[in-house]
Amino acid sequence: MSLEVRQLTVGAIAENCFVVRREGSDRALVVDPGEEPERILAEVEAMGAAVEAILITHCHFDHIGAVAPLAKATGAPVYCPEIEVPVLADIMAFVPYAGFGPYESYDADETVKGGEALELAGLVLDVIATPGHSPGHVTYSVRGEEAIFSGDVLFQGSVGRVDLPGGDGATLLRSIQALLGHADISTTEIYTHVLDERLRALVLEKHPLANG
Ligand SMILES: [Fe+2]
């Protein structure tokens, strides 16, 4: 089996949303639809696929801003980290910067906390608890594919920030250890939030704390 992953960098913070499917399948998954729902829908449509589920790694606004419109347009169930469900249900109350949104809130259809094996779109995804960047953060690992969707646990050349509410550095390091135990990091494709360096400089200039 091989995997097709399309990356869409969306919104002002350049969050990476991923559309994932088993190659040739007419069923796809969307991971972390942060913004620009029309663009994500157009991509799925161009693939000739239907969205079977929407998966959230964590509920920082840049990862969930397009969840509600996408869920409504597709009817796909939304999988959300259990303890972050209240954030998805009231997104704007948790947006720390002016000038973003408004984003529509959503009541999660399903919850995850780590330890689950989700059978969706012909794939099996192991859910791994990876808190630290946020308290309920999870990573989705595609069984047999050496591919993980790790949200903001790892950044290009760095790790996720831990200074937002619920963040904790020691917890994050333990999560990274857990990921290393789960996956051979040298051969695993890590789909994460990788900011273009020029864009990172611009974002940080405008929003000094905006780093995922
Ligand atoms: Fe984040």
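Note that the coordinates shown come from a computational prediction; the quantities given were computed from them, not determined experimentally.

**Quick notes on the overall build of the protein chain**
Check the secondary structure of the protein chain and you find six helices and 13 strands. Evaluated residue by residue, the protein chain yields a buried proportion of 44% over its 212 residues. Taking the intrachain contacts of the protein chain between residues at least 6 apart in sequence as the baseline, contacts between residues at least 24 apart amount to 60%.

**Some remarks on the confidence of the model for the protein chain**
Chain-level pLDDT for the protein chain is 88 on average; 86% of the residues reach the 70-or-more range. Contacts from residues 206–212, a stretch scored under 50 in pLDDT, to residues over four places away or in other chains number 13 contacts.

**With respect to the sheet that holds strand E3 (residues 27–31)**
Taken in spatial order, the six strands of this open sheet run E1-E2-E3-E4-E5-E6, and their pairing is mixed. Bordering the open sheet on either side are strand E1 (3–10) and strand E6 (110–112), each of which pairs with just one other strand. Shown here is a sheet whose adjacent strand axes are inclined to one another by a mean of 25 degrees, direction ignored. Together, E1, strand E2 (15–22), E3 and strand E4 (50–55) form the strand contacts of helix H1 (residues 37–46), whose direction differs from that of E1 by roughly 155 degrees. Running at roughly 145 degrees to E4, helix H3 (residues 67–74) makes contact with E3, E4 and strand E5 (78–81) of the sheet.

**Brief notes about the packing of H1 against H3**
Two numbers describe how H1 lies on H3: the axes approach to 9 Å, and their chain directions differ by 40 degrees. For the element pair H1 / H3, the angle class is oblique. Of the two elements, H1 crosses H3, and the hand of that crossing is right-handed. Taking contact as the criterion, the partners of Pro37, Ile40 and Leu41 in H1 are, on H3, Pro69, Leu70 and Ala73. The residue inventory of the contact of H1 with H3, partitioned by class, reads six nonpolar, no polar and no charged.

**Some thoughts on helix H5 (residues 169–182)**
In this model, H5 (14 residues) spans 20 Å end to end at C-alpha, consistent with the 20 Å of a helix rising 1.5 Å per residue. Of the residues making up H5, those classed as buried are Leu172, Ser175 and Leu179. Projected down its long axis, H5 carries its buried residues within an arc of 60 degrees, all on one side. Structural note: H5 exposes Ala170, Gln177, Leu180 and Gly181 on the side pointing more than 90 degrees away from its buried face.

**Focus: H1**
Pro37, Ile40 and Val44 are the residues of H1 that are buried. In a view along the axis of H1, the buried residues occupy a sector of 65 degrees, so they form one face of it. Exposed side of H1, more than 90 degrees from the buried face: Glu38, Ala42, Glu45 and Ala46 are the residues found there. Tucked into the core, H1 has its buried residues touching E1, E2, E3, E4 and H3. Of the residues one or two after H1, Gly48 is the one with positive phi, at around 70 degrees.

Conventions used here
- Residues numbered from 1 in each chain as written.
- Predicted model: local features only at pLDDT ≥ 70, side-chain atom pairs only at ≥ 80, totals over all residues.
- Helix = DSSP H or I, 4+ residues; strand = E, 2+ residues; numbered from the N terminus.
- Buried ≥ 20, exposed ≤ 12 C-beta atoms within 10 Å, placed from the backbone.
- Contact = placed C-beta atoms within 7 Å.
- pLDDT = per-residue confidence, 0-100.
- Pairing = 2+ DSSP bridges.
- Axes fitted to C-alpha atoms, helices over the stretch in contact; angles between N-to-C directions.
- Parallel < 35°, antiparallel > 145°, perpendicular 65-115°, else oblique.
- Left-handed = near helix turned anticlockwise from the far one by under 90°.
- Nonpolar A, V, L, I, M, F, W, Y, C, P; charged D, E, K, R; others polar.
- Expected span 1.5 Å × (residues − 1).
- Arc of directions from axis to C-beta.

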